[in-house]
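Notes for the structure review
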Amino acid sequence: MTDQNKTIPTLYEWAGGMPAFEELTTAFYTKVLTDELLEPVFKHMSTEHQRHVAHFIAEVFGGPAMYSTEEGSHFKMIQKHLSKHLTEKHRQRWAALLLETADEINLPDDPEFRSAFVAYIEWGTRIAVLNSNIESTEMNPDEPMPKWGWGVPGGPYIP
Ligand code: HEM
């Protein structure tokens, strides 16, 4: 195959597809519920929460439009965070536990993938905290889902 014929995998494909995202959030929210800082925030979460978050992130990373067509939308995701009064401490713990879980379930650990993954988690969690400290949003309900790519280092990793 020549270089011209090679297609660049999406972050979703590189991560291992939907099973990888579902495994990530299942293991992550199990951990969250044993965490003294995050347990109070998530103890009333819906039984679908972890699957929905998996589908949301998978879609952002180039996977199928499952969250936005069947389960919610970018606007609905933003609404779920309104008035939750999250703090920087919540955000840091959430991000740290997610990265810990990524290692535990063996998500790809190459520099290119992790750079894109961490960048998205930093971005997304900071937006969640900002939205959690307002009561309503002016966002257009049709706002498209964010789309994340390989970013500055490019990708995929080539040994
Ligand atoms: C990249 C960052 C994040 C993403 C992609 C994300 C994604 C989502 C999604 C998709 C939902 C809606 C789930 C559904 O439709 O059932 C949701 C709800 C929620 N999120 Fe986030 N979230 C992020 C960060 C955070 C952080 C940092 C916190 C708190 C530390 C948080 C707390 C919550 C809570 C409490 C809900 C409502 C759960 C419920 O009542 O069912 N999120 N999030």
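Residues numbered from 1 in each chain as written. Predicted model: local features only at pLDDT ≥ 70, side-chain atom pairs only at ≥ 80, totals over all residues. Heavy atoms only, no water.

The protein chain carries the name Hemoglobin in an unreviewed UniProt entry, which gives Dyadobacter arcticus as its organism.

Here's the deal with the nonpolar core
If you look at the biggest cluster of nonpolar residues, it comprises 38 residues, and the most contacted ones within it are F21, F61, W94, L107 and F117. Of all the elements in the fold, those that place two or more residues in this core are α1 (11-15), α2 (17-32), α4 (49-60), α6 (74-81), α7 (88-104) and α8 (111-132). Counting residues per element, this core draws most heavily on α2, which supplies seven residues. Once you skip the residues sitting within four places of it in the chain, L107 turns out to touch A15, A20, L24, A102, F113, R114 and F117. (Core = buried A, V, L, I, M, F, W, Y, C linked by side-chain atoms within 4.5 Å. Buried < 20%, exposed > 50% of the residue type's maximum accessible area, 1.4 Å probe, protein only. Helix = DSSP H or I, 4+ residues; strand = E, 2+ residues; numbered from the N terminus. Contact = heavy atoms within 4.5 Å.)

Some words on the pattern of salt bridges
For the structure on display, the rule yields 10 salt bridges. One salt bridge in this structure joins R51 and E22, with 4.0 Å as the shortest N-O distance. Of this pair, R51 sits in helix α4 while E22 sits in helix α2, and the two are 29 residues apart along the sequence. Judged by its relative accessible area of 37%, R51 is partly exposed. Judged by its relative accessible area of 26%, E22 is partly exposed. In this structure, E104 engages K31 in a salt bridge whose closest nitrogen and oxygen atoms are separated by 2.9 Å. In this pair, E104 sits in helix α7 while K31 sits in helix α2, placing the two residues 73 residues apart along the sequence. (Salt bridge = Lys/Arg side-chain N within 4 Å of Asp/Glu carboxyl O.)

What to know about the coordination of the iron atom of the ligand
No other protein atom reaches the iron atom of the ligand as a donor apart from H81 (NE2), found 2.1 Å away. Within the secondary structure, H81 sits in helix α6. (Donors = N, O, S within 2.8 Å, 3.2 Å for Na, K, Ca; no water.)

Examining the site of the ligand
Near the ligand you find 21 residues, and of these F42, S46, H52, Y67 and H81 are the closest. Within the side chain of H52, an N or O atom sits 2.8 Å from an oxygen atom of the ligand. Within the side chain of H81, a nitrogen or oxygen atom sits 2.8 Å from a nitrogen atom of the ligand. Where the shell around the ligand is concerned, the elements lending two or more residues are α3 (39-42), α4, α6, α7 and α8. (Near = heavy atom within 4 Å. Polar contact = N/O pair within 3.5 Å; in protein donor to acceptor, adjacent residues only side chain to side chain.)

Some points on the packing of α2 against α7
To describe two helices that pack against each other, one gives the angle between their axes and the distance between the axes. Contact geometry for α2 and α7: axes closest at 9 Å, N-to-C directions at 130°. Considered as vectors, α2 and α7 are oriented oblique to each other. Relative to α7, α2 is oriented so that their crossing is right-handed. Across the interface between the two elements, L24, A27, F28, Y29, K31 and V32 of α2 pack against W94, L97, L98, E100, T101, A102 and E104 of α7. (Axes fitted to C-alpha atoms, helices over the stretch in contact; angles between N-to-C directions. Parallel < 35°, antiparallel > 145°, perpendicular 65-115°, else oblique. Left-handed = near helix turned anticlockwise from the far one by under 90°.)

As for α6
By the burial criterion, the buried members of α6 are H74, F75, M77 and I78. The buried residues of α6 all sit within an arc of 160° when viewed along its axis, so they share a single face. The secondary structure elements touched by the buried residues of α6 are α4, α5 (66-71) and α8. Among the residues trailing α6, S83 stands out with phi positive, at a value near 60°. (Arc of directions from axis to C-beta.)

A look at unusual backbone geometry
Note that the residue after G155, namely P156, is joined by a cis bond; omega there is 0°. For P156, the position within the fold is in the segment after α8. Within the chain, H85 stands out as a residue other than glycine whose phi angle is a positive 50°.

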